[in-house]
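Listed below, chain by chain, are the residues.
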Number of protein chains: 2
Amino acid sequence: MVLRKKSRQTQRENPMNTIVQKYGGTSMGTIDRIKNVARRIIAKKEQGNRMVVVVSAMGKSTDQLVAMAYAINDRPPKREMDMLLATGEQVSISMLSMALAEMGQKAISFTGPQVGIKTKGVHGRARIMDIDTTKITQALADDSVVIVAGFQGVNENDDITTLGRGGSDTSAVALSCVLHCPCEIYTDVDGIYGVDPRLYPPAKKLDVVSYDEMLEMASLGAGVMHTRSIELGRKYNADITVASSIHDVPGTLITASAAATQKPITGMAVYNDEMMVSIKNVPYDVNISARLFSALAAAGINVDMISQTSPIADRMHISFSASHDDIDALEKALAEFQAAYPQTAVDLREDAVKMSVVGSGMKAHPGVASKFFRLLSAQHFPILMVTTSDIRISCMIPAEARERAVMAVADGFEL
Amino acid sequence: MVLRKKSRQTQRENPMNTIVQKYGGTSMGTIDRIKNVARRIIAKKEQGNRMVVVVSAMGKSTDQLVAMAYAINDRPPKREMDMLLATGEQVSISMLSMALAEMGQKAISFTGPQVGIKTKGVHGRARIMDIDTTKITQALADDSVVIVAGFQGVNENDDITTLGRGGSDTSAVALSCVLHCPCEIYTDVDGIYGVDPRLYPPAKKLDVVSYDEMLEMASLGAGVMHTRSIELGRKYNADITVASSIHDVPGTLITASAAATQKPITGMAVYNDEMMVSIKNVPYDVNISARLFSALAAAGINVDMISQTSPIADRMHISFSASHDDIDALEKALAEFQAAYPQTAVDLREDAVKMSVVGSGMKAHPGVASKFFRLLSAQHFPILMVTTSDIRISCMIPAEARERAVMAVADGFEL
């Protein structure tokens, strides 16, 4: 693992490295697991590190708090929801601090507001703007382990805010950015995989992945990490390691792209919950696409991939995909469109799957797209639509072809 | 109920009274009970009042948090314990705020630190020093119900503190002091009783009781209210009403003594867990009492009542009482005393009960003590020891006489 090597090197020069660690809800789920986390922190501290530890709420406690809120109000006010949810992490930090004290290790816990995690934006999806490191630095100098509540902060009105599901990752990365130190995310998986091992059992854990690749994979539904945490890491060039909180094996280093371009393709993401719409025989008109997609946006439909053919004989084809959640609104909008343009043929396919390959190496390795299509075409199913970015190729395929497609592509690119 | 009359009168002059209400853990124990609390608040608000509401943690949640802490650490650090326990009230305030929102009532919740409840002193037993009313006043002006977490505050280091068991009473009274408004404590009893109804079923609820009487009764073990809350009420002359959160009946007004002296005796307290020591034949020596009680204090024994007879023929008797919890230390200390003074006769009685009558009216009504002793002596059991203050008479009696004594005194003074 690249990060560990680097830490050891720096350690020789400076015996008091600071490390930010983050432990998720599963790692904090029981008294015994909290004790296990405490032992891991002490081991790392005894190697000569200053420890800052971010924790999530214990086990399923956030889900339980959400259920309580909905039991009393169908639409709980978001400020009060944040007030409620923030208690989950506050329980965790005090419990971990007590566990460390019991093992003879001085520790001090801080809530997000106490440690000055300043946020902006709406409740439930606030963004970290700044962190005041005064208290942390003082406590570290006092030889304490500093424990910080993840997922929470405070806005300009002194209201408690939360960062959204998975926000503790972002708390940890943000702390590592302001403390200029590496960040270790401990979780219930061994690291980042190129393909979800549930889809492709021989999937290999990645040693290194770039921020850009992680962002492409996260937005495609392979979200191991909170997207905002990767954006922050990229912005401040923070080294982030994702590893298991139970097995003591190397994890995955998330870093700038330079280090991560050994292979043309780093990962594959598969997103099941897609619908695909094909509209044939659309009269060519420069405004017609704008009109169609404005109508869909007005109906609250989140359109994902879009493909439009060149007009032939004043007729063109438009295809797009959308989430299955929006099916009612979509059917209504399509009926209205067809009423306005009766000569068109509208086809809605509900069983589509979006499959993407992601890799920074794509830019350096020509022929990735052709290999991808060759691997798929050997399986004899239709590719319904294609879109690309500079490090991603996505295609829409029929749901029944999913397993074959995953195997063929994962085998072909050795994921 | 005196407070209600007063509120209505003031209301005519000033349609926007402020009222502080406090609801305890039992009143907040379930979703339905929280909704009930919300309805009560709205009803009071619709009468033209500005509402500030202090709540405790839901049901037994504080006990559960304490148990969690001790599961991970036999001696949890007090700062971290406060961090943990404070989450209980934070859950309550957000839940109540959501319940009010669901009923269409604007509400905003604040933690102790958010609302500037500044405390001093040790964690777990902090004392409120000051409250910043800025946020409360703003929110009231905005027509919101203000909900404040009881039991908690913040110290000069920005650490979260708690006020000790029952501390939400003190939070509520302190808020009523700084807001110059009445305080209504809602609980699972109908008010303050002159005698515990479990001891004396015909016990009457008091309409009025003075701060001093409440303090005497609280220190004697009849603690319905957090002692510190009464001390604050007395200091700032705040009107405090204690009433049921379920039954809509008048409660008890706690106020300055002037209003509460209709009867010579307001209440009776019985404290079961007492031991009584009699030392006979003690050689008269000006230093001997000091030596005895210094030894007891050094052994950590909390001595309660003390009685010493005048010396007769250079011999005197010393009696005192102590809590049963200290029996081991007491037996050791007494053995040492008798070894030093072999001529003394030491008698330890484990089955003693302390019974006290309290009343500000005692000062104005002569003959209260004689009536008290007459009532007891008619029951033909020995009175083992007597001490008094200006509004209290306490005596130690044999445990087997407890029921008879309670009936006789409660009947005799019409409690």
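Residues numbered from 1 in each chain as written. Chains lettered and ligands numbered in written order. Predicted model: local features only at pLDDT ≥ 70, side-chain atom pairs only at ≥ 80, totals over all residues. Heavy atoms only, no water.

J.: For this particular structure, what's the right way to read the overall build of chain A?
T.: Across its full length, chain A holds 12 helices and 18 strands. Computed over its C-alpha atoms, the radius of gyration of chain A comes to 24 Å, within 12% of the 22 Å expected for a compact globule of 415 residues. The principal-axis extents of the C-alpha atoms in chain A amount to approximately 80 × 50 × 35 Å. Counting over 415 residues, chain A shows a buried share of 54%. A separation of at least 24 residues holds for 75% of the contacts in chain A among residues at least 6 apart in sequence. With an accessible surface of roughly 17,800 Å², chain A has 50% of that area assigned to carbon and sulfur atoms. (Helix = DSSP H or I, 4+ residues; strand = E, 2+ residues; numbered from the N terminus. Rg over C-alpha atoms; globule rule 2.2 N^0.38 Å. Buried < 20%, exposed > 50% of the residue type's maximum accessible area, 1.4 Å probe, protein only. Contact = heavy atoms within 4.5 Å. Areas by Shrake-Rupley, 256 points an atom, 1.4 Å probe, with all protein chains shown as cover.)

J.: I tried to follow the UniProt feature "binding site: ATP" (unreviewed entry) in chain A on my own but got confused; where do I start?
T.: All names here are of chain A. Following the UniProt record, the feature "binding site: ATP" (unreviewed entry) maps to Lys22, Tyr23, Gly24, Gly25, Thr187, Asp188, Tyr193 and Arg198 here. Annotated residues spanning 177 residues; largest pairwise C-alpha distance 24.8 Å, indicating distribution over more than one region. Structurally, the position occupied by glycine 25 is in the loop between β1 (17-23) and α2 (31-46). Exposure remark for glycine 25: the relative accessible area of 15% places this residue in the buried category. Look past the residues within four positions of glycine 25 in its chain and what remains in contact with it is Ser56, Ala57, Met58 and Gly59. Structurally, arginine 198 is set in the loop between β9 (183-187) and β10 (208-210). Side-chain polar atoms of arginine 198 contact the side chain of aspartate 196, separated by 2.8 Å. (UniProt positions renumbered as here; feature names shortened; annotations may be inferred. Polar contact = N/O pair within 3.5 Å; in protein donor to acceptor, adjacent residues only side chain to side chain.)

J.: Which parts of the structure should I look at to understand the sheet that holds strand β11 (residues 240-244) of chain A?
T.: Strand pairing in a sheet relies on backbone hydrogen bonds. The paired strands run either parallel or antiparallel. Residue and element names in this part refer to chain A. The sheet built from 8 strands is open, its strands ordered β3-β6-β2-β1-β9-β11-β12-β10 with mixed pairing. What marks the edges here is a single partner per strand, and that holds for β3 (107-110) and β10. Each strand of the sheet is rotated relative to its neighbour by a mean of 20°, with strand direction disregarded. As defined by bridge partners, β10 adjoins strand β12 (residues 252-255) across 3 bridges and the pair is classed as parallel. What sits directly across from valine 208, in β12, is leucine 253. (Pairing = 2+ DSSP bridges. Axes fitted to C-alpha atoms, helices over the stretch in contact; angles between N-to-C directions.)

J.: Would you mind showing me how to read the interface of chain A and chain B here?
T.: Often the size quoted for an interface is simply the accessible area lost on bringing the parts together. Listed as interface residues are 40 residues of chain A and, on the opposing side, 40 residues of chain B. Here chain A meets chain B over a buried area of about 3,100 Å², counting both sides, of which 65% is carbon and sulfur. Sorting the residues of chain A by area buried against chain B places Ile72, Gln90 and Met98 of chain A first, and these three jointly supply 23% of that buried surface. The tally of links between chain A and chain B comes to 2 salt bridges. With a closest N to O distance of 3.9 Å, aspartate 158 of chain B and lysine 135 of chain A form a salt bridge. Between the two partners, chain A and chain B, sit 14 residue pairs in polar contact (both at pLDDT 80 or more). Of all elements in the fold, only α2, α3 (61-72), α4 (78-102) and β3 of chain A reach the threshold of two or more residues within the side of chain A that touches chain B. Considering each element in turn, the side of chain A that touches chain B owes the most residues, 17 residues, to α4 of chain A. (Buried area = accessible area lost by both parts, 1.4 Å probe. Salt bridge = Lys/Arg side-chain N within 4 Å of Asp/Glu carboxyl O.)

J.: Would you take a moment to explain the confidence of the model for chain A for this structure?
T.: The predicted structure's coordinates, where accompanied by low pLDDT, should not be read in detail. Residues and elements named next belong to chain A. Of all residues in chain A, 94% attain a pLDDT of 70 or more, and the chain-wide mean is 88. Low pLDDT, under 50, characterises residues 1-15; the predicted model gives this stretch 21 contacts beyond four residues in sequence or across chains. As a predicted assembly, this complex carries a pTM of 0.82 together with an ipTM value of 0.81. (pLDDT = per-residue confidence, 0-100.)

J.: What should I look at first to understand the pattern of salt bridges in this one?
T.: Tallied over the entire structure, the rule returns 36 salt bridges over all chains. Arginine 165 of chain A serves as the salt-bridge partner of aspartate 63 of chain A, at 3.0 Å between the closest nitrogen and oxygen. With aspartate 63 of chain A in helix α3 and arginine 165 of chain A in the loop between β8 (160-162) and α6 (167-179), the pair connects residues that are 102 residues apart, well separated along the chain. Arginine 79 of chain B is the partner of glutamate 80 of chain B in a salt bridge, and the nearest nitrogen-oxygen pair spans 2.9 Å. Judged by relative accessible area, glutamate 80 of chain B falls into the buried class, the value being 2%.

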